[in-house]
Every structure is written in C-alpha cells, then in structure tokens.
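Descriptive analysis of the structure
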Amino acid sequence: MLHAFEAEGLVKRFGRTTALAGIDLAARPGTVLGVLGPNGAGKTTAVRVLATLLRPDEGSARVGGLDVVRDAAKVRRLIGLTGQYASVDEDLTGTENLVLIGQLLDLRRAEAGARAARLLEEFGLAEAAGRPAKTYSGGMRRRLDLAASLVGRPDVIYLDEPTTGLDPAKRDDVWSIVRSLVAGGVTVLLTTQYLEEADALADEISVVDHGRVIAHGTPAELKRVVGGQTIMVRPVDPARLADAAAIVGAVAGRVPESPARGVLTVPVDGDTAFTEVVRRLDREGIGVTELSLRLPSLDEVFFTLTGRHTTEESAA
Ligand SMILES: Nc1ncnc2c1ncn2[C@@H]1O[C@H](COP(=O)(O)OP(=O)(O)OP(=O)(O)O)[C@@H](O)[C@H]1O
Ligand SMILES: [Mg+2]
C-alpha cells in the first residue's frame, strides 16, 4: 500500500457553498501530511470525509486501502480523530472519558481502565485524572483530546488544528506528542493555519484554498516557492520608511509590503539577505526599532500564491 490515506477529487457542497471543490490529499504510511489553509478553506470538511462522518458528493477516499463510504465501519477502526469536535464529555473525569471510549471500542472494562491510566500518564494528566474535564485548562483539554483519539491504537490520526489557541509552551507539548506518535509508526493528517507548525511537523504540505489544493510539496519545496523567510523592518523614524523600503526591496528583489503602519515585510530566499539588509540600513544611517527574520505567516504564503490576502474574498 502506497498511501495510508488518500482522497481524490473530493467535492462537497452545503447548499450553495462548495466546501470541497475537487481536493486531492494523500500521505505515505508513517508520515505527517500538513493541510495548511485559512478559515473556511475546507480543512475540517476534508477531515470529516476521511473520517467517514460525511459523504462526499463526488470523488473518493481510502484509508488503509478501504473506501470511506463502502467500508466506513472498517475505516473507523483504523482512525483516531481529534480537534474541532467534542469527543470529550465535559462532566466526566479524564479517566471516565477514556474508559468510556475504550468500552465503545469494545475493550473489556479492565483493559479500558489500564489503557486509560497508561494514556493519562503518558500525556501528563495522571494527577488530573479524577477531575471533570470541564475543570481542565486549554492545554490539558487538548492533551485529553489527543489521548482520547489514541485509545483505539489507530494507524491514522486526524488532528484538526490541534494547537489553535494554545500558548507556545503548550503548543510545544502537542508538537512533541505528534512527533512521538509518528516515531511509533502512526500516519498523521494535521490541519493548521500556521506555516510554522506545518514546517515543524509535516513531511509534506498541501496548501488549500476554497476547497482545493493550490500548492503541494515538502516544507523545503514550499518555502522555495513562497520565499523561505520573511524580513520585517520597523525604522525608528517613520520618515525613513521609503528609504528602508528601497533597501529591502533591492535585496529581496520584490516589492515589500506594509502590513501595518511603519512596518515593512518582504519574503527572501536565502540567509544572506538578512545580513545584507542590516549592512545597508547601517550604511544609510537608518535606525530600526524592530528587525526580524521569520517564516512567512499563512497570510503571506497566500499573498505570494494567490495575490490576495486570506481575509479577502475572491471573485470566484
Ligand atoms: N455543515 C455545514 N453546513 C453548511 N456549510 C458548511 C458546513 N460545514 C462547512 N461549511 C462551509 O464549508 C466551507 C468550508 O468549511 P470548513 O469547516 O471545512 O473549513 P475549515 O478550513 O475547517 O475552516 P476553519 O479554519 O475555520 O476551521 C465554509 O464556507 C463553511 O462555512
Ligand atoms: Mg476547521
């Protein structure tokens, strides 16, 4: 089997909304596919089709070689699902939640209990195991969600925006959990709105927009297309903004954008661009209050790929 899961030409309409417009997604076993896209791109809809929760209008999808429509029951045994779904019952404790899921998956009571205890331990929730989920913090709740999706020892896991709203430390916790899952041979579909997250975790990334893939590749390939990194400059003196723009524009070979007052950003391909910008700003006597080199945001990726921002509506 070449792919742990694959979707071909999926179309899904909700009334007049086309949520999926012929999307293709696939991941080899034991890898992470990052699905990167803005609000409303169709990420959750694609996950729900792959999770057998939604029937596509057109196209097909397979998990472990099994068709998600014809073999839905068998597919459900292969997958774990977490994210923008309420799989956890707020009033039940951590332990009760995981035991309940185990029993729904036909584990015997003792077996379900042992599995729950093991997962709560692994996810740093042993101390909170006896407390209702509604008393958990956002990060604990996210870890309980992840643990819940692993009760059935799935081959394939769908993580739908698993770190949205988490602070950086809790995000790192989730990232290391994902890495250890993959090390254990699990295949992951990870949806995210952060290129940084896809870059950190994914073997391949599909960028989705309006229900279709608009770019696909390894993180390195994608960064080559969208500009590896973004330089951000904020001159001390706003009157020098045009001079600074001329410098970063010349170094980057593209016209910089001004996403906020007094700030310039531009994608660059290599690491040397940054030092070149520093050198030229210094030579021209342009002081800066902020100067940084970072991966482009999703919005900047979109602007490079589509010529519009994630918040703009397209004519289509
Ligand atoms: N059950 C539904 N009924 C009607 N429209 C829906 C339904 N589910 C999704 N949509 C619409 O389909 C489109 C894709 O939604 P989807 O939830 O898949 O996007 P998403 O990429 O997951 O977005 P987000 O990042 O906000 O979670 C949106 O326009 C959404 O409003
Ligand atoms: Mg979603």
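Residues numbered from 1 in each chain as written. Chains lettered and ligands numbered in written order. Predicted model: local features only at pLDDT ≥ 70, side-chain atom pairs only at ≥ 80, totals over all residues.

Brief notes about the environment of Lys-12
Relative to the helices and strands, Lys-12 resides in strand E1 (residues 5-14). With 22 C-beta atoms counted inside 10 Å, the residue Lys-12 sits in the buried group. Spatially, the C-alpha atoms of Lys-12 and Pro-56 are 5.3 Å apart, while their sequence positions differ by 44 residues. In this view, Lys-12 contacts Ala-19, Leu-20, Thr-45, Val-49, Leu-54, Pro-56 and Asp-57; residues no more than four positions away in its chain are not counted. (Helix = DSSP H or I, 4+ residues; strand = E, 2+ residues; numbered from the N terminus. Buried ≥ 20, exposed ≤ 12 C-beta atoms within 10 Å, placed from the backbone. Contact = placed C-beta atoms within 7 Å.)

Overview of the site of ligand 1
In the region of ligand 1, 12 residues are neighbours, and Phe-14, Ala-19, Lys-43, Thr-44 and Thr-45 sit closest. Taken together, the residues that form the shell around ligand 1 break down as 3 nonpolar, 8 polar and 1 charged. (Near = placed C-beta within 6 Å. Nonpolar A, V, L, I, M, F, W, Y, C, P; charged D, E, K, R; others polar.)

Side note on the sheet that holds strand E5 (residues 66-67)
The strand order across the open sheet built from 4 strands is E2-E1-E4-E5, with neighbouring strands paired in antiparallel fashion. Whereas interior strands pair on both sides, the edge strands pair on one side only; in this sheet they are strand E2 (17-27) and E5. Pairing of E1 with strand E4 (residues 58-63) involves 5 bridges; the strand directions are antiparallel. Directly across from Ala-7, in E4, lies its bridge partner Ala-61. (Pairing = 2+ DSSP bridges.)

Topic: the domain arrangement of the chain
Examined at the domain level, the chain breaks down into domain 1 (5-223) and domain 2 (227-306). Taken over C-alpha atoms, the centre of domain 1 sits 36 Å from the centre of domain 2. Taken residue by residue, the interface counts 12 residues in domain 1 and 9 residues in domain 2. When contributions to the side of domain 1 that touches domain 2 are tallied by element, the ones reaching two or more residues are helix H7 (195-201), strand E9 (204-209) and strand E10 (212-217). Broken down by element, the side of domain 1 that touches domain 2 gets its largest block of residues, 3 residues, from H7. Taken together, the residues of the side of domain 1 that touches domain 2 sort by class into 7 nonpolar, 1 polar and 4 charged. (Domains from an automatic or database assignment.)

With respect to the sheet that holds strand E11 (residues 229-235)
Strand pairs in the sheet, formed through backbone hydrogen bonds, run parallel or antiparallel to each other. Taken in spatial order, the 3 strands of this open sheet run E12-E11-E13, and their pairing is antiparallel. With partners counted over all chains shown, the strands left at the sheet margins are strand E12 (264-268) and strand E13 (288-294), one partner each. The mean angle between the axes of side-by-side strands here comes to 15°, regardless of whether they run parallel or antiparallel. Inspection of the sheet shows E11 paired to E12 by 5 bridges, in the antiparallel sense. When the bridges of E12 are listed, Ile-231 appears paired with Val-266. Taken strand by strand, helix H10 (residues 272-283) contacts E11, E12 and E13, and its axis lies near 15° from that of E11. (Axes fitted to C-alpha atoms, helices over the stretch in contact; angles between N-to-C directions.)

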